[in-house]
Amino acid sequence: MSEMIHPNTEQLTLQKKKKRRKVLRTILRTSLILLLVAALLLAGLFIYRKTDTSKTVTYRPYTASQGTISNALSFSGSLQLIDNVIYTADAASEVRTVYVAAGDQVTAGQKLIRLSNGQTIEAEFSGRVNQLLVGVGDKVAVGDQLVQVADFSRMKVSIRVDEYDISDIHVGQTARVTVTATEQTIETEIDSINYISASTGNVAYYTATAYVDVPAGVYPGMQATISIPQSEAQNVVVLNLDAISFDETNQAYVLMQISNGTMRKVSITTGVSNGNYVEITSGLQNGDVVYMETKAEEANGGMFDGLFNFGGGQNMMPNQTRTMPGGMQFPGGDGTQRNFTRQNNGGGQGGGR
C-alpha cells in the first residue's frame, strides 16, 4: 500500500495566493477594458455633438406696432437763483421801521426797511423775503446784513456740454427740465451758450443755460435732468431693436414665417432710433409679427445633458430643419413695446447719445 502525501501548510498558502493574484489581474484587465470602451464612447458622442450642424432652433416673436419714437440728448444740472439780493446798512445806524416779514411776497420798489440815518431799503425786483435779519430798534454797523429778497418763481439751470455734442446744441432749442425730487417737467429753451471752454482735461466742455419758470415747491439747488430732443417720428411703425439682424452688406432684415412654417428674410429700412426701439420706414406694417432666432445652446442644458438625454424636451436632435413646429412654446413675452420714448443719458453732467 502506497503512502499518501499531504501538502504542508506553506504549500497550501502559496497556492491560494497565486489564485488570488490571478483573479485580481483578471478583474483589473476587465476594468481597464471597460473604462477604455466608456471613454471612447464619450469621446465619440462629444465629437458627434460638436460636429453636428443640424440643430433645433427656437425663435422669439416680436410685434411691430404703431407709435411715436424720439431720441434726445440728456444732461444733469441743478436749479439756481437768478435774482437774489441781501441788503446791507451803508452806515452805522438804528432800525427805525420794518415794513415786511419773512416770507412776504414783495414787488419791485416796495419799501422793506428804514434806518435812523434816512436810508430806506426798497426791493429791486419782485420776489419773496427769504430772511429778515433785524428788528425795530436794532443797532447796525456799516455793512451789516438787513434783509434778503429772492425770486423763487424763475430760476436758471446750466449744463456742461462736451465737445462731441456741442454742435447739436443751439440757442432757441427746445429743452425739457425734469426736477428729480418732484418729478415735474417744465418746457423751456436754451437761452445762451458759452463757447469758451473752461475745461483743463482731455475733453472740452461748454456751458449752456436755460431759464425756467418753476412751480411752487421747487427750490434752488434741486437736481434736474435736462433733455434736448433731437429727432421724433409720430404715428409710425416701431419695432424692438432686438428683432433686427444685419447681413454682410449691413442691410437690416427680419425673419417672417411663411405658410409652410419656415422662415424667410425680409429686408427693412429704419429711421429714428432711441436705443431700444427703431422706426421702420419700409418692409413692415403695424401688427406684423417677426422672429429672432435664438441659439440652440440657450435652449439646452449643459454638455452632459445633451449627451445622455435622447428623449423629448429641447435637446438637439440630428437632421432637423429650421421650422416652426406646431404648438411650439416661445420663450419670454411677445416683445411688444410699451413706451417708445427714451432718453440717452450721458455720464456725470455731460451729455450722451
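Residues numbered from 1 in each chain as written. Predicted model: local features only at pLDDT ≥ 70, side-chain atom pairs only at ≥ 80, totals over all residues. Heavy atoms only, no water.

Asker: Can you walk me through the pairing of strand 12 (residues 174-179) in this structure?
Answerer: The side chains of a regular strand alternate between the sheet's two faces. Here strand 12 shows a buried face lined by Ala175, Val177 and Val179 and an unburied face lined by Thr174, Arg176 and Thr178. Where strand 12 hands over to strand 13 (residues 185-194), the hairpin turn is made up of five residues, of which Glu183 adopts a positive phi near 60°. Pairing of strand 12 with strand 15 (residues 223-240) involves four bridges; the strand directions are antiparallel. Among the inter-strand pairings, Thr178 is bridged to a residue of strand 15, identified as Thr225. (Buried < 20%, exposed > 50% of the residue type's maximum accessible area, 1.4 Å probe, protein only. Helix = DSSP H or I, 4+ residues; strand = E, 2+ residues; numbered from the N terminus. Pairing = 2+ DSSP bridges.)

Asker: Got a minute to help me understand the sheet that holds strand 9 (residues 139-140) in this structure?
Answerer: In a beta sheet, neighbouring strands pair by backbone hydrogen bonds and run either parallel or antiparallel. One open sheet holds the four strands; their spatial order is 7-6-4-9, and the pairing between them is antiparallel. Edge positions in the sheet fall to strand 7 (120-122) and strand 9, since each of these pairs with one other strand and no more. Pairing of strand 6 (residues 111-115) with strand 7 involves three bridges; the strand directions are antiparallel. Across the sheet, Arg114 pairs through a bridge with Thr120, a residue of strand 7.

Asker: Just checking my understanding: could you explain the nonpolar core for this structure?
Answerer: When a protein is soluble and globular, its nonpolar side chains tend to lie buried together. Counting 28 residues, the largest nonpolar core has Ile169, Ile190 and Ile228 as the members making the most contacts within it. Contributions of two or more residues to this core are made by strand 2 (65-81), strand 11 (154-162), strand 12, strand 13, strand 14 (205-213) and strand 15. Counting residues in each nonpolar core, the second largest holds 18 residues, with Tyr87, Leu112, Phe125 and Val140 among its members. (Core = buried A, V, L, I, M, F, W, Y, C linked by side-chain atoms within 4.5 Å.)

Asker: Please explain a positive patch on the surface as it appears in this structure.
Answerer: Together, Lys16, Lys17, Lys18, Lys19, Arg20, Arg21, Lys22, Arg25 and Arg29 line one region of the surface with positive charge. Mapped onto the elements of the fold, Arg29 is located in helix 1 (residues 9-51). (Patch = residues over 30% accessible without salt bridge, like charges linked within 9 Å, V, L, I, M, F, W, Y side chains within 5 Å. Areas by Shrake-Rupley, 256 points an atom, 1.4 Å probe, with all protein chains shown as cover. Salt bridge = Lys/Arg side-chain N within 4 Å of Asp/Glu carboxyl O. Lys, Arg positive; Asp, Glu negative; His and termini not counted. Charge placed at Lys NZ, Arg CZ, Asp CG, Glu CD.)

Asker: Please explain the confidence of the model for the chain as it appears in this structure.
Answerer: Summarising the model, the chain shows a mean pLDDT of 82, and 78% of its residues fall at 70 or more. Note that residues 298-353 has pLDDT below 50 and, in this model, 128 contacts with residues that lie over four places away or in other chains. (pLDDT = per-residue confidence, 0-100. Contact = heavy atoms within 4.5 Å.)

Asker: Explain the pattern of salt bridges here, please?
Answerer: Proximity of charged atoms lets side chains of opposite charge pair with each other. With the rule as written, the count across this model stands at three salt bridges. The closest approach of N and O atoms between Glu94 and Lys139, which form a salt bridge, is 2.7 Å. Placement of Glu94 in strand 4 (residues 93-98) and of Lys139 in strand 9 is noted, with a sequence separation of 45 residues between them. Of the residues examined, Glu94 reaches a relative accessible area of 24% and is grouped as partly exposed.

Asker: What should I look at first to understand unusual backbone geometry in this one?
Answerer: Among all residues except glycine, the phi angle is most often negative; among peptide bonds, the trans geometry is most common. In this structure, Asn235 is a non-glycine residue whose phi angle is positive, near 55°. Judged by relative accessible area, which is 59%, Asn235 ranks as exposed. A positive phi angle, near 70°, is found at Asn250, a position not held by glycine. Within the fold, Asn250 resides in the loop between strand 16 (245-246) and strand 17 (252-257).

Asker: Help me understand the pairing of strand 20 (residues 277-282) in this model?
Answerer: In this structure, strand 15 lies alongside strand 20, joined through four bridges in antiparallel fashion. Across the sheet, the residue bridging to Asn240 is Tyr277, located in strand 20. Bridging between strand 19 (residues 269-273) and strand 20 involves three bridges; their strand directions are antiparallel. Within strand 20, the position partnered with Ser273 by the bridge is Val278.

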